Amino acid sequence: MDDKAFLARLKTIRKMNMNNPSYINRDLYRIVISKPALTAGYEKIKSNKGATTPAIETKSLDGFGVKRFDLLSQSLRDESWKPRPARKVIIPKPEEKGKRPLGIQGPEEKIVQAALLIVLEAIYEPLFSRHSYGFRPEMGAHNALKDLETKYDGLSFAIEGDIKGIYDNINHRILIDLISSKVVDSRLISLLWKFLRSGYME
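Read on for an overview of the structure. As the structure is a computational prediction, the values presented were derived from the model and not from experiment.

**As for the environment of Arg14**
Point 1. For Arg14, the position within the fold is in helix α1 (residues 3-19).
Point 2. Here Arg14 is in contact with Glu121, Ala122, Glu125 and Pro126, once residues within four sequence places are set aside.

**Observations concerning the nonpolar core**
Across soluble globular proteins, nonpolar side chains have a tendency to be buried as a group.
Point 1. Grouped together as the largest cluster of nonpolar side chains are 38 residues, with contacts concentrated most on Leu28, Leu76, Ile111, Val112, Leu188 and Leu191.
Point 2. Elements with a contribution of two residues or more to this core: α1, α2 (29-32), α3 (35-45), α4 (66-77), α5 (107-124), α7 (172-180) and α8 (186-196).
Point 3. Looking at this core element by element, the count peaks at eleven residues for α5.
Point 4. Excluding anything up to four places from it in sequence, Ile111 contacts Leu38, Gly41, Tyr42, Ile45, Leu61, Phe64, Phe69 and Leu72.

**Remarks on the packing of α3 against α5**
Point 1. Orientation of α3 relative to α5, taken along the N-to-C sense of each, is 105°, at an axis distance of 7 Å. The angle between α3 and α5 falls in the class roughly perpendicular. Together, Ala37, Leu38, Ala40, Gly41, Tyr42, Lys44 and Ile45 of α3 and Lys110, Ile111, Val112, Ala114, Ala115, Leu117, Ile118 and Glu121 of α5 make up the contact between the two elements.
Point 2. Split into classes, the residues belonging to the contact of α3 with α5 amount to eleven nonpolar, one polar and three charged.

**Structural notes on the pattern of salt bridges**
Point 1. Tallied over the entire structure, the rule returns eight salt bridges.
Point 2. Glu109 is paired through a salt bridge with Arg84; the nearest N and O atoms lie 3.0 Å apart. Taken together, the residues span a long stretch of sequence, with Glu109 in helix α5 and Arg84 in the loop between α4 and β2 (86-92) at a distance of 25 residues.
Point 3. For Glu109, a relative accessible area of 1% translates into the label buried.
Point 4. Within the structure, one salt-bridge network assembled from shared partners comprises Arg68, Arg84, Glu108 and Glu109.

What counts as what
- Residues numbered from 1 in each chain as written.
- Predicted model: local features only at pLDDT ≥ 70, side-chain atom pairs only at ≥ 80, totals over all residues.
- Heavy atoms only, no water.
- Helix = DSSP H or I, 4+ residues; strand = E, 2+ residues; numbered from the N terminus.
- Contact = heavy atoms within 4.5 Å.
- Core = buried A, V, L, I, M, F, W, Y, C linked by side-chain atoms within 4.5 Å.
- Buried < 20%, exposed > 50% of the residue type's maximum accessible area, 1.4 Å probe, protein only.
- Axes fitted to C-alpha atoms, helices over the stretch in contact; angles between N-to-C directions.
- Parallel < 35°, antiparallel > 145°, perpendicular 65-115°, else oblique.
- Nonpolar A, V, L, I, M, F, W, Y, C, P; charged D, E, K, R; others polar.
- Salt bridge = Lys/Arg side-chain N within 4 Å of Asp/Glu carboxyl O.

Take a look at the structure:
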């Protein structure tokens, strides 16, 4: 699969799910592990703050070369690849008292996660509510504030809430069951389980 075919496939996936919310997506693992998807994953994260921070080994995303790409691609194709545990660090909460845990993934893990995200976004972005702003492309807190200002006349106040420890308490089985209702691909589901079970090291 070349770059042009990859982009066309993403466009088709988005269109099919937009036109039919009950559409079942198949054969996605082959797309996720393709060279264009892994390259796009690398490009997506390489400029992120902390992208070059090493995880449980000294190697980082900095200087990630062709040889490592080829090794990653091959091990994904034969399904022998397993994500390594994240490195757990404790960081201060921004503008709050207290601290929170942060998992730092290795470079291969970051690239594969980003490739997965690109494909899964093509499925789910057309289905999400336009009033949902969190952790979505081109939609964040500033978009929410702008919509409040321009679309809601007479609004007296708004409430911002947070679910404490939400990511620590998500039921993985329910999560996978929800994804499986839209994605019928045992290899991709297996890859998701590998990430969910990879754990962390202090």
